[in-house]
Amino acid sequence: MSRRRKVVLIVVAVIVILAAAIAAVITIAERNQKSVNATVIEDFDLTRVPDGTFQGKYSAFPVSVEVEVTVKDHVMTGIDLIEHRNGKGEGANEIPQKVVEAQSLSVDTVSGATLSSKVILLAIRDALQNAAGE
């Protein structure tokens, strides 16, 4: 086999492998998005949460979120986005403020940033569950 033919075969093999990897990543992202979108985020009983600042995390590829939720007298006084790897979901950065204003996880998601919105809400829920010892 000629050297040129070997190079062409290697290039073709690399392209096929890359295409398969990209397809797998897209499939995983779509599966995660469907799963998170189907998740019902119920409100949380803040009377079970002591005063303090609590961390929560949630990840659903390609979105990853870490938050700190501050609670005083069973009221969420602040939620800080410590990390938000969001792809195109930057608009969801307003979700923590909506949650604090509503004192509820039952807030509308941001159009165009639904996955990021839900992942942020799930990270907040994780922080509250950690605080309540769940």
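This is a predicted model, so every value here is computed, not measured.

A.B. asks: What is the right way to look at the packing of helix H2 (residues 95-102) against helix H3 (residues 114-131) in this model?
C.D. replies: Closest axis-to-axis distance for the H2/H3 pair is 10 Å, and the angle between their directions is 50°. In this view, H2 runs oblique relative to H3, as classed from their interaxial angle. Here H2 and H3 pass one another in a crossing that is right-handed. Counting all contacts with H2, which are made through Ile95, Pro96 and Val99, the residues of H3 involved are Ser117, Ile120, Leu121 and Ile124. Class assignment for the residues of the contact of H2 with H3 results in six nonpolar, one polar and no charged.

A.B. asks: Just to check I follow, could you spell out the pairing of strand E3 (residues 75-85) for this structure?
C.D. replies: Pairing of strand E2 (residues 63-72) with E3, which is carried by nine bridges, proceeds in the antiparallel orientation. Of the residues in E3, the one forming a bridge with Val65 is His84. Between E2 and the antiparallel strand that follows it, E3, lie two residues; Asp73 among them carries a positive phi value of about 55°.

A.B. asks: What's the story with the packing of aromatic side chains in this structure? I'm lost.
C.D. replies: For any two aromatic rings, the description comes down to two numbers: the centre-to-centre distance and the angle of the planes. Per the counting criterion, the structure on display carries zero aromatic pairs. A cation sits over an aromatic face here: Arg48 above Phe44, 4.5 Å from the ring centre.

A.B. asks: Quick question: what am I supposed to make of unusual backbone geometry here?
C.D. replies: Glycine aside, residues mostly have negative phi angles, and peptide bonds mostly take the trans form. Of note, the amide linkage connecting Phe61 to Pro62 takes the cis form, showing an omega dihedral of 10°. Structurally, Pro62 can be placed in the loop between strand E1 (52-60) and E2. One non-glycine residue with positive phi stands out, namely Asp73, at about 55°. Of note, Asp73 is situated in the loop between E2 and E3. Residue class for Asp73 comes out exposed when judged on its relative accessible area of 53%. One non-glycine residue, Gln103, adopts positive backbone phi at about 55°.

A.B. asks: Please explain the pattern of salt bridges as it appears in this structure.
C.D. replies: Opposite charge on two side chains makes pairing possible when the charged atoms of those side chains draw close. Overall, the coordinates contain four salt bridges when judged by the stated rule. Salt-bridge contacts for Glu83 lead to Arg85; the nearest nitrogen and oxygen are separated by 2.7 Å. Residue Arg85 is classed as exposed on the basis of its relative accessible area of 56%. Among the salt bridges present, the one from Glu94 reaches Lys98, with a minimum N-O distance of 3.3 Å. The exposure class of Glu94 is partly exposed, given its relative accessible area of 40%. You can call Lys98 partly exposed: its relative accessible area is 25%.

A.B. asks: When you look at the environment of Thr109 in this model, what are you seeing that I'm missing?
C.D. replies: Residue position: Thr109 is located in the loop between H2 and H3. Each C-alpha atom, one on Thr109 and one on Val49, is 24 Å from the other, the two residues being 60 residues apart in sequence.

A.B. asks: It is not clear to me how the pairing of E1 should be interpreted in this structure. Could you clarify?
C.D. replies: On a regular strand, one side chain projects to one face of the sheet and the next to the other, so that they alternate. Across nine bridges, E1 lies against E2 in antiparallel orientation. Note on E2: the bridge partner recorded for Ala60 is Val63.

A.B. asks: Even after reading the chapter, I still don't get a nonpolar patch on the surface, so can you show me in this structure?
C.D. replies: On the surface, Ile10, Val14, Leu18, Ile22 and Ile26 cluster together to form a nonpolar patch covering roughly 470 Å² of accessible area. Residue position: Val14 is located in helix H1 (residues 3-38). What makes Val14 partly exposed here is its relative accessible area of 43%.

Definitions and limits used
- Residues numbered from 1 in each chain as written.
- Predicted model: local features only at pLDDT ≥ 70, side-chain atom pairs only at ≥ 80, totals over all residues.
- Heavy atoms only, no water.
- Axes fitted to C-alpha atoms, helices over the stretch in contact; angles between N-to-C directions.
- Helix = DSSP H or I, 4+ residues; strand = E, 2+ residues; numbered from the N terminus.
- Parallel < 35°, antiparallel > 145°, perpendicular 65-115°, else oblique.
- Left-handed = near helix turned anticlockwise from the far one by under 90°.
- Contact = heavy atoms within 4.5 Å.
- Nonpolar A, V, L, I, M, F, W, Y, C, P; charged D, E, K, R; others polar.
- Pairing = 2+ DSSP bridges.
- Phe/Tyr/Trp six-rings, centres within 6.5 Å; stacked < 30°, edge-to-face > 60°.
- Lys NZ or Arg CZ within 6 Å of the ring centre and 35° of its normal.
- Buried < 20%, exposed > 50% of the residue type's maximum accessible area, 1.4 Å probe, protein only.
- Salt bridge = Lys/Arg side-chain N within 4 Å of Asp/Glu carboxyl O.
- Patch = residues over 30% accessible without salt bridge, like charges linked within 9 Å, V, L, I, M, F, W, Y side chains within 5 Å.
- Areas by Shrake-Rupley, 256 points an atom, 1.4 Å probe, with all protein chains shown as cover.

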